[in-house]
Amino acid sequence: MKRTLLCLLVFQLVGCTELQQVVNQLPQGGTGIGNAEIAQGLREALNMGIEKQVNKLANENGFFRNELVKILLPEELQKVDKTLRDVGLGNLADEGLKIINRAAEDAVGEATPIFVDAVKGITFNDAKQILLGADNAATQYLERSTKTQLYGKFNPIIKNSFQKVGADKIWSNIITKYNNLPLTNDVNPDLTDYTTNEALEGVYTMIALEEKEIRTKASSRTTDLLKRVFSLQD
């Protein structure tokens, strides 16, 4: 009896040791997917956001008719809008709001390659942590990593777009009319800066929308890489 128990104990000890060796040889999580492949999958998801969602913003009314990203007037100009409507210049106020969104739509069409390059160059230091994070974790990481640089590239495009769609002239007219009204304080907002920031926020919002789709709906994972990578967070 003692001999049998001793044999069983030895067998169990050897078995545990061998089992631990097997576990140590398994890829992390038992998936065989490393940080580099996860990072590649995250980039692919972000690129799909650009291809499927951001490109919509470049269409007419891409911003203006999309309540998720429609650019509203900055606080400084909301009083301008109200005052113009109060004095019967509602049509001019409407045109001013629309033309800001038109500039953003035009600019996004020209700037899409900038976002594609930004995604290619992004380095995910801890891809697995981002993968297992929030529904928009990759987009947040993209924003933190690229917004300052993208602002510098996007701002002159917005400025050109203002000229291209006539927003600069329309808003010059609006502000001149407002500043000439009695009992008003003069305004001189930097609409290029404001629209640049709002347009960038719109782009990140739409990329995040697609990222969430891929994370929450297996049917949105249209490539083998997306299926392998995002199955880890299911």
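Position numbers for residues start from 1 in each chain and track the written sequence from start to end. Local features in this predicted model are restricted to residues whose pLDDT is 70 or higher, and side-chain atom pairs enter the listing and the counts only when it is 80 or higher, whereas totals over whole chains, interfaces and linings include all residues. Hydrogens are left out, water is left out, and the side-chain values use all remaining heavy atoms of the structure.

A. Examining the overall build of the protein chain more closely. Secondary structure counts use DSSP, requiring at least four H or I residues in a row for a helix and at least two E residues in a row for a strand, with both numbered from the N terminus. A tally of helices and strands in the protein chain yields nine helices and zero strands. When the helices and strands of the protein chain are listed from N to C terminus, the series reads α-α-α-α-α-α-α-α-α. For every residue, the accessible area obtained with a 1.4 Å probe (protein chains only) is divided by the maximum for its type, and the residue is called buried under 20%, exposed over 50%, and partly exposed between those limits. Looking at the protein chain as a whole, 41% of its 234 residues are labelled buried. Pairs of residues are marked as contacts when any of their non-hydrogen atoms sit within 4.5 Å. Contacts in the protein chain between residues at least 24 apart in sequence constitute 83% of all its contacts with a sequence separation of at least 6.

B. Looking closely at the nonpolar core. We define the nonpolar core as a collection of buried residues of types Ala, Val, Leu, Ile, Met, Phe, Trp, Tyr and Cys that are connected through side-chain atoms lying within 4.5 Å of one another. Membership of the largest hydrophobic core comes to 66 residues, with the highest contact counts inside it found for L42, F63, F115, F124, F154, W171 and F230. Residue assignment for this core shows that the elements contributing at least two residues are helix 2 (35–57), helix 3 (75–86), helix 4 (90–121), helix 5 (127–131), helix 6 (137–165), helix 7 (167–180), helix 8 (191–216) and helix 9 (224–230). Counting residues per element, this core draws most heavily on helix 4, which supplies 14 residues. For F154, the residues in contact, after removing those within four places along its chain, are A107, V108, A111, F115, T196, A199 and L200.

C. Quick look at the pattern of salt bridges. The salt bridge definition used is simple: a Lys or Arg side-chain nitrogen within 4 Å of an Asp or Glu carboxyl oxygen. For the coordinates displayed, the defined rule picks out 14 salt bridges. Salt-bridge contacts for E37 lead to R228; the nearest nitrogen and oxygen are separated by 2.4 Å. Within this pair, whereas E37 is found in helix 2, its partner R228 is found in helix 9, the two being separated by 191 residues in sequence. Across the salt bridge formed by K164 and E110, the nearest N and O atoms sit 3.8 Å from each other. Placement of K164 in helix 6 and of E110 in helix 4 is noted, with a sequence separation of 54 residues between them. Accessibility expressed as a relative area gives 44% for E110, which makes it partly exposed. A network of salt bridges, in which partner residues are shared, links E60, R102 and E105.

D. A look at unusual backbone geometry. Located in the positive-phi region is N61, a residue other than glycine, with phi close to 70°. Structurally, the position occupied by N61 is in the loop between helix 2 and helix 3. Residue classification places N61 among the partly exposed positions, given a relative accessible area of 23%.

E. Spotlight on the side chain of R102. Within the secondary structure, R102 sits in helix 4. On the basis of relative accessible area, R102 is assigned to the buried category, the value being 18%. Residues in contact with R102, not counting those within four places in the same chain, are E60, N61, F64 and V165.

F. A look at the packing of aromatic side chains. The pairing test for Phe, Tyr and Trp rings, Trp by its six-membered ring, is centres within 6.5 Å, and the orientation test on the planes gives stacked under 30 degrees, edge-to-face over 60, and tilted for anything in between. All told, the structure shown has two aromatic pairs when counted by the stated rule. An angle of 65° between the planes, with centres 5.9 Å apart, marks the rings of F115 and F154 as edge-to-face. Pair noted here: F115 is in helix 4 and F154 is in helix 6, with a separation of 39 residues, a long-range link. Exposure class is identical for F115 and F154. Each is buried. Where F124 meets Y141, the ring centres are 5.2 Å apart and the plane angle is 25°; that geometry is what we call stacked. With a gap of 17 residues between them, F124 in the loop between helix 4 and helix 5 and Y141 in helix 6 connect regions that are remote in the sequence. Here F124 and Y141 have matching classes, each one buried.

G. View of the packing of helix 2 against helix 4. Close contact between helix 2 and helix 4 brings their axes to 10 Å; oriented N to C, the two are set at 175°. Comparing the axis directions of helix 2 and helix 4 gives the class roughly antiparallel. Residues R43, L46, N47, I50, V54, N55 and L57 of helix 2 touch helix 4, and the partners they reach there are E105, V108, T112, F115, V116, V119 and K120. In this classification, Asp, Glu, Lys and Arg are treated as charged, Ala, Val, Leu, Ile, Met, Phe, Trp, Tyr, Cys and Pro as nonpolar, and every other residue, Gly included, as polar. Broken down by class, the residue content of the contact of helix 2 with helix 4 amounts to eight nonpolar, three polar and three charged. Note on geometry: axes are lines fitted to C-alpha atoms, helical ones only across the stretch in contact, with angles between N-to-C directions running from 0 to 180 degrees. Under this scheme an angle from 65 to 115 degrees is roughly perpendicular, one under 35 degrees roughly parallel, and one over 145 degrees roughly antiparallel; angles in between are oblique.

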